[in-house]
Amino acid sequence: MDTSITPSLEFTLRLARAQATLVRRLDQVLGGYHGISFSDFMLLHYLGRAPGGRLRRVDLAERQGLTASGVTRSLLPLEKIGLVERQQDPRDARVAYAAITDTGRELLNNAVTVANQISKDLLRNCPQGQFDELSNALALIAGMNASNS
């Protein structure tokens, strides 16, 4: 049995460890300063970038890499503290939107400053010239494009 690790598996293992390190640090700092997790931050980020500050829950789930029920569970605490609100589509009662509130947008704007600083700190030893290439590779892995980033 061949147990050698291919370069693609080595990359995958390193990527998983790097992701865990990034999330842990961002969770810690965002939680300490703003009372939100990095996952919460990402939800607010996607809503903040969406036209009208709202997305269908299924679209938000796709961007977040969650199931529709998973994103609904993630949004509940944000709704309870007034960062996000539910909106129904007036033309189709089956369609539900998640929308960022003014309070959520204000928190997001403040949290972006913290997240930018932590990201810079965590990536300080990475060669600056490789960011675009690596970012594009990660987007390909995640199946991302300009409309869902």
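Nothing here was measured: the structure is a model prediction, and the numbers come from that model. (Residues numbered from 1 in each chain as written. Predicted model: local features only at pLDDT ≥ 70, side-chain atom pairs only at ≥ 80, totals over all residues. Heavy atoms only, no water.)

Chemist: Could you clarify how one ought to interpret the layout of surface pockets in this entry?
Modeler: Over the atoms, a rolled probe matching the size of one water molecule traces out where space is still vacant. Considered as a void within the structure, the largest pocket measures approximately 2200 Å³ in volume. Within the lining of the largest pocket, the residues separate by chemical class into 24 nonpolar, 15 polar and nine charged. (1 Å grid on protein atoms, 1.4 Å probe; cavity = no way out; pocket = protein on both sides within 12 Å on 5 of 7 lines; lining within 4 Å. Points joined across faces, edges and corners; volume = space filled by probe spheres on them. Nonpolar A, V, L, I, M, F, W, Y, C, P; charged D, E, K, R; others polar.)

Chemist: Honestly, the side chain of Asp 40 in this entry has me stumped. Any pointers?
Modeler: Considering the arrangement of structural elements, one finds Asp 40 in helix 2 (residues 38-49). Notably, Asp 40 is buried but unbridged: the nearest opposite-charge side chain belongs to Arg 73, and the N-O separation is 12 Å. In contact with Asp 40, other than residues within four places in its own chain, are Ser 74 and Leu 78. (Helix = DSSP H or I, 4+ residues; strand = E, 2+ residues; numbered from the N terminus. Buried < 20%, exposed > 50% of the residue type's maximum accessible area, 1.4 Å probe, protein only. Lys, Arg positive; Asp, Glu negative; His and termini not counted. Salt bridge = Lys/Arg side-chain N within 4 Å of Asp/Glu carboxyl O. Contact = heavy atoms within 4.5 Å.)

Chemist: Hey, could you run me through helix 4 (residues 68-80) in this one?
Modeler: Three- or four-residue spacings in an α-helix give side chains the same orientation, since the helix completes a turn every 3.6 residues. Given a rise of 1.5 Å per residue, 13 residues ought to cover 18 Å, and the 19 Å separating the end C-alpha atoms of helix 4 matches this to within 8%. Those residues of helix 4 lying buried are Gly 70, Val 71, Leu 75, Leu 78 and Glu 79. Structurally, helix 4 contributes buried residues whose contacts are with helix 2, helix 3 (57-64), strand 2 (84-89) and strand 3 (92-100). Trailing helix 4 by a residue or two, Gly 82 shows a phi angle of about 80°, which is positive. (Expected span 1.5 Å × (residues − 1).)

Chemist: In this structure, what is going on with the pairing of strand 3? I would like to understand it.
Modeler: Every regular strand shows the same layout, with side chains that alternate between the two sheet faces. Pairing between strand 1 (residues 54-56) and strand 3: three bridges, direction antiparallel. Across the sheet, the residue bridging to Arg 54 is Ala 99, located in strand 3. The sheet contact formed by strand 2 and strand 3 spans six bridges and is antiparallel. Opposite Gln 88, over in strand 3, you have Ala 96 as the bridge partner. Taking the residues between adjacent antiparallel strands as the criterion, strand 2 and strand 3 are bridged by two residues. (Pairing = 2+ DSSP bridges.)

Chemist: Before we go on, may I ask you to explain the sheet that holds strand 3 in this structure?
Modeler: Sheet strands pair via backbone hydrogen bonds, and the direction of the pair is either parallel or antiparallel. The strand order 1-3-2 describes an open sheet built from three strands, whose pairing is antiparallel. Only two strands of the sheet have a single neighbouring strand rather than two, namely strand 1 and strand 2. Geometrically, the sheet is characterised by an average inter-axis angle of 30° between neighbouring strands, direction not taken into account. Sitting on the sheet, helix 2 touches strand 1, strand 2 and strand 3, and the angle it makes with strand 3 is about 105°. (Axes fitted to C-alpha atoms, helices over the stretch in contact; angles between N-to-C directions.)

Chemist: I tried to follow the packing of aromatic side chains on my own but got confused; where do I start?
Modeler: Ring pairs (aromatic) are described by centroid distance and by the angle formed between their planes. Applying the stated criterion across every chain yields a total of one aromatic pair. Ring centres 6.0 Å apart and planes at 15° place the aromatic pair Phe 38 and Phe 41 in the stacked group. Here Phe 38 pairs with Phe 41, and both are found in helix 2, just three residues apart, close to one helical turn. With respect to burial, Phe 38 and Phe 41 carry one shared label: buried. (Phe/Tyr/Trp six-rings, centres within 6.5 Å; stacked < 30°, edge-to-face > 60°.)

Chemist: Explain the nonpolar core to me, please; I cannot follow it from the model alone.
Modeler: Counting 27 residues, the largest nonpolar core has Leu 30, Ile 36, Phe 41, Leu 44, Leu 60, Leu 75 and Val 84 as the members making the most contacts within it. When residues of this core are traced back to their parent elements, those giving at least two are helix 1 (7-34), helix 2, helix 3, helix 4, strand 3 and helix 5 (102-122). Excluding anything up to four places from it in sequence, Leu 75 contacts Leu 43, Arg 57, Leu 60, Val 84 and Ala 98. (Core = buried A, V, L, I, M, F, W, Y, C linked by side-chain atoms within 4.5 Å.)

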